[in-house]
Amino acid sequence: MAGLNRSTFRRLQQLQQIPSVWEGDRRPMSEPLPIGSSALSDYDSENGGDCIMWVDGSQGIVRSMDVVSPDTGPEAVVRTLLRAMEHPHSPALPGRPQKIVVKDREIQFFLRGVLQDLGISIEYVPDLPLIDELFRGFQDVVDRKPPLLPPQYVESLEEKAYQVWQAGPWECLADHQIISIELEGLDMGTLYACVMGMLGLDYGILLYRSLESLTQFRKRVIANESPERLEEAFLSQDCLFITFEGAEEDDDIDLSDLPPSEIKPTFGNLHPLEGMRAILYDEEALLTILALDAFARFFRSVRRKLTGGKFPNLSQRYQIPVPQGGDRQGPDTVAVTVSTMPEIAAKLFEMSVSAPDDEDDEDDDDEPLLRDDLVPPNSFLSLGVVPWEVLKDLEASASYYQSAQVHASGDGLPIILIQTSRPKAKAMIETLKEAGGVTGIGFNPGEDPLGGNRFDLGILKAENGELFLFGEFMEDDPVHVAARKKWDGRCKKTKGYCGLVIAMGLTGASRGNPQKKDMLALFEVRSLSPKDINLGTLQLMPMPF
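Quantities reported herein were computed from a predicted structural model and do not represent experimental measurements.

Attention now goes to the overall build of the protein chain. Secondary structure summary: the protein chain contains 13 helices and 22 strands in total. In the protein chain, the proportion of contacts linking residues at least 24 apart, taken out of those at least 6 apart, comes to 68%. Roughly 28,700 Å² of accessible area belongs to the protein chain as shown, and the carbon and sulfur atoms make up 50% of that amount.

Given below as structure tokens:
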């Protein structure tokens, strides 16, 4: 057992001894303390822990308090006691007690060994009335804490959330494609649903109470404000939210690949005057249930009309049953009108693509001539062909489809296949969408002056003029030579048309052989010659040490 060092011992001896009795105890907490105390340690007490408390029984005040991990040894009791002596909570003054009483024999013996020669009597008592009263007060506050969700609505909320999850709206809807949900009666007004998850990062739905809140937040994010201002902007949103998480935290797993049993919905509220809270009260829970029910019905009925990036003007009206629970009195159903908002979607998209660059215009010349950051490392890449009958199905099923007037001749459309994980595939699609889409695919010569190797560089050209490198092939590789020969022949038969397919399913049986459900995007474009690309022979530049 460690003892006090000499300097600490002398410092404590210099404290005035107070004619009082202090109570001390260490007790497990099943819930976090219902107070915000600067005296708490760095231990994360969100899920409880052991609470250590020292109370002056004579004055009836708490001198020090700490929350520690249950694994922490008895030394923590001493540390809290020393703070009670030297740095007590206001209005207490520094000092040593004449007597300490505890109800734990182990703590008593430990303190006797550490505090000997300080003139403090340490005694065992069966009860600590003041500390008992304080902990009863804590428990009363915990018992009065509202549940995260109203008990009468928990089942309905989870049921509607899982319906949305199984519908998978993020497979078709981007976060700028807003859907209005107008609830008649019940003083609920209109909600504006923003779907998150197309990039495979965060899945959920934000139900904004006003378009102004939605657009103001979007403007501040696009303006790329400081982290502090962005946090302020986040907390100033006015919306209900539903997010989905995995039962197990694993950043390498896309939630969409998990079974519904491993998905957990989380509900909450954001408001400028309340900030964020993970609690829904009765009216908010009821509103969320009705909105999710109507949204899921609408999306299932119009899904086919929203594929390929399309967002036409659609509207449907439903009578949504109102869940009964508690003392609520009202109608059994509510009329809800759900509509797409293509004009708002166009404005939000235009807002994002026309955002000012971080750099001045004169810095534009510093941008790389050929970007190599589109295709993720370890992606599967191949030159192939999609038969015409399969192409027709793919045009209808792909989440994103860029069409062209393809001349259907030969055995099918020559395509470049890029296969990676779902989140990375969606990020690629989003990058190409922001660039205005793909206008052409071609190959350009390249060389390594030092190594003497020559390359065939696969290049995508975007509508905004950007060029993206998608592959580097050895010019004399017999496999690539054969694939290029077939590619050129097929492009001649289609009169210069080809395609880009972006697919998910990088691991398992789908690798190199994606099924229709794995193919997320199809771009039908023109094939480009080196003259069209107009880069000349590109040279590999040696990197400086």
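Once the structure has been displayed, the description carries forward.
By the secondary structure assignment, Val55 is in strand 2 (residues 49-56). In this structure Val55 comes out as buried when scored by relative accessible area, which is 1%. Put simply, Val55 and Leu81 are 26 residues apart on the chain and 9.8 Å apart in space, counted from C-alpha to C-alpha. Excluding residues that lie within four positions of it along the chain, Val55 makes contacts with Val21, Trp22, Glu23, Ile61, Val62, Arg63, Leu130, Ile131 and Leu134.

Turning to the pattern of salt bridges, a few remarks are in order. Taken as a whole and judged by the stated rule, the model has 26 salt bridges. Here Glu123 makes a salt bridge to Lys99, at a shortest N to O gap of 3.7 Å. Of the two residues, Glu123 is situated in strand 5 (residues 121-124) and Lys99 in strand 4 (residues 96-102); the sequence distance between them amounts to 24 residues. We classify Glu123 as partly exposed; its relative accessible area is 32%. According to the relative accessible area criterion, Lys99 is partly exposed, its value standing at 27%. Taking the shortest distance from any N to any O, the salt bridge between Arg303 and Glu171 comes out at 2.4 Å. With Arg303 in the loop between helix 8 (282-302) and strand 12 (315-321) and Glu171 in the loop between helix 5 (154-167) and strand 6 (179-183), this pair connects stretches of sequence that are 132 residues apart. For Glu171, a relative accessible area of 27% puts it in the partly exposed group. Three or more residues are tied together by salt bridges with common partners; here these are Glu159, Lys160, Asp293 and Arg297.

Between its first and last C-alpha, helix 5 extends 20 Å over 14 residues, near the 20 Å set by a 1.5 Å rise per residue. Elements that come into contact with the buried residues of helix 5 comprise strand 8 (203-208), strand 9 (239-246), strand 10 (263-271) and helix 8. At the exit of helix 5 stands Gly168, carrying a positive phi of roughly 60°.

Negative phi characterises most residues that are not glycine, and trans characterises most peptide bonds. Following Ser90, the chain continues into Pro91 via a peptide bond in cis, with omega recorded as 10°. Within the fold, Pro91 resides in the loop between helix 2 (75-86) and strand 4. For Asp117, which is not glycine, the phi dihedral falls at a positive 75°. For Asp117, the location among the structural elements is in the loop between helix 3 (105-115) and strand 5.

Hydrogen bonds between backbone atoms are what pair the strands of a sheet, whose relative direction is either parallel or antiparallel. Taken in spatial order, the five strands of this open sheet run 3-2-1-4-5, and their pairing is mixed. Where the open sheet ends on each side, the last strands, each with one partner, are strand 3 (61-68) and strand 5. Taking each pair of neighbouring strands and ignoring which way they run, the sheet shows an average axis angle of 20°. Of the strand pairs in this sheet, strand 1 (residues 17-29) and strand 2 are connected by eight bridges, and their pairing is antiparallel.

Right, let's talk about the side chain of Asn444 for a bit. Residue position: Asn444 is located in strand 17 (residues 438-447). Within polar-contact distance, the side chain of Asn444 engages the backbone oxygen of Gly536 at 2.7 Å. Not counting the four nearest positions on each side in its chain, Asn444 is found in contact with Phe455, Asp456, Leu457, Ile459, Pro530, Ile533, Leu535, Gly536 and Leu538.

A few words now on the nonpolar core. Counting residues in each nonpolar core, the largest one holds 51 residues, and the members touching the most others are Ile181, Leu183, Leu207 and Phe295. Ignoring any residue separated from it by four or fewer positions in sequence, one finds Phe295 in contact with Val164, Pro169, Leu173, Ile179, Ile181, Ala193, Val195 and Ile205.

All right, on to the side chain of Thr340 then. Counting through the fold element by element, Thr340 comes out in strand 13 (residues 333-340). Here the side chain of Thr340 touches Pro312 through a polar contact of 2.6 Å, landing on its backbone oxygen. The contact partners of Thr340, leaving out residues within four places of it in the chain, are Ile178, Ile179, Phe298, Phe311, Pro312, Asn313 and Leu314.

Calculation criteria
- Residues numbered from 1 in each chain as written.
- Predicted model: local features only at pLDDT ≥ 70, side-chain atom pairs only at ≥ 80, totals over all residues.
- Heavy atoms only, no water.
- Helix = DSSP H or I, 4+ residues; strand = E, 2+ residues; numbered from the N terminus.
- Contact = heavy atoms within 4.5 Å.
- Areas by Shrake-Rupley, 256 points an atom, 1.4 Å probe, with all protein chains shown as cover.
- Buried < 20%, exposed > 50% of the residue type's maximum accessible area, 1.4 Å probe, protein only.
- Salt bridge = Lys/Arg side-chain N within 4 Å of Asp/Glu carboxyl O.
- Expected span 1.5 Å × (residues − 1).
- Pairing = 2+ DSSP bridges.
- Axes fitted to C-alpha atoms, helices over the stretch in contact; angles between N-to-C directions.
- Polar contact = N/O pair within 3.5 Å; in protein donor to acceptor, adjacent residues only side chain to side chain.
- Core = buried A, V, L, I, M, F, W, Y, C linked by side-chain atoms within 4.5 Å.

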